[in-house]
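Chain by chain, the residues:
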Amino acid sequence: MAIQVGDKIPDVILRTVAAGREREVSTAELFRGKRAVLFAVPGAFTPTCSDYHLPGFVELADQIRSRGIDLIACVAVNDHFVMDAWGKARDVGDKVLMLADGNGDFARAVGMDADISRFGLGVRSRRYAALVEDGVLKAINLDQPGRFEASSAEKILESL
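A brief report on the enclosed structure follows. Residue positions are counted from 1 within each chain, in the order its sequence is given. Where local features are concerned, this predicted model is filtered to residues with pLDDT of at least 70; where side-chain atom pairs are given and counted, the filter is 80 or more; whole-chain, interface and lining totals use all residues. No hydrogens and no water enter the side-chain calculation; it runs on all heavy atoms of the structure.

**Looking at the pattern of salt bridges**
- When a carboxyl oxygen of Asp or Glu is within 4 Å of a side-chain nitrogen of Lys or Arg, the pair counts as a salt bridge. For the structure shown, the criterion picks out seven salt bridges.
- Across the salt bridge formed by Arg 15 and Glu 22, the nearest N and O atoms sit 2.8 Å from each other.
- Relative accessibility thresholds used throughout: buried, under 20% of the residue-type maximum; exposed, over 50%; partly exposed, between the two (1.4 Å probe, protein chains only). Assessed through its relative accessible area of 30%, Arg 15 is described here as partly exposed.
- According to the relative accessible area criterion, Glu 22 is partly exposed, its value standing at 45%.
- Bridged by salt links that share partners, the residues Arg 15, Glu 22 and Glu 24 form one connected network.

Below you can see the structure in the form of structure tokens.
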């Protein structure tokens, strides 16, 4: 069952790379006391994710933060080395925290896992963007499979 507005974000360990070093991140700690935008993509370096989804959040990061957002984070079912390389390739800098859900544990815990094996991608995350306040889901914009509309940076900015 998919996570619902009002639910607490499950505590899952994700990975990121900071200053060239791998770091484990607890979602409970990450979102504690923060107002955050979390967006999920099916995969790093995939066309829609690379050309539209991630760049939108990078371009609008300052405007999103100006609406009281402390953290913008991107999560994908990829390893932390791939997420780090993708962030560097897309000039993310410190605008978006790149989080790796290598085994899909977070995607499963929030009920947003999707089997897209028919496209050779295995189990990944559905595409969405969410507003999280102090570890609680306040809003979620979920795209239909194969679509990119509801979860864009522009839609999140409009809703803040």
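Text resumes after the structure shown.
**Details of the state of the cysteines**
- In this description, the term disulfide denotes a pair of cysteine sulfurs within 2.5 Å. Summed over all chains, the structure comprises zero disulfides.
- The closest cysteine sulfur to the non-disulfide-bonded Cys 49 is located on Cys 74, 7.8 Å from its own sulfur.

Keep in mind that these numbers describe shape and distance, not what the molecule does.
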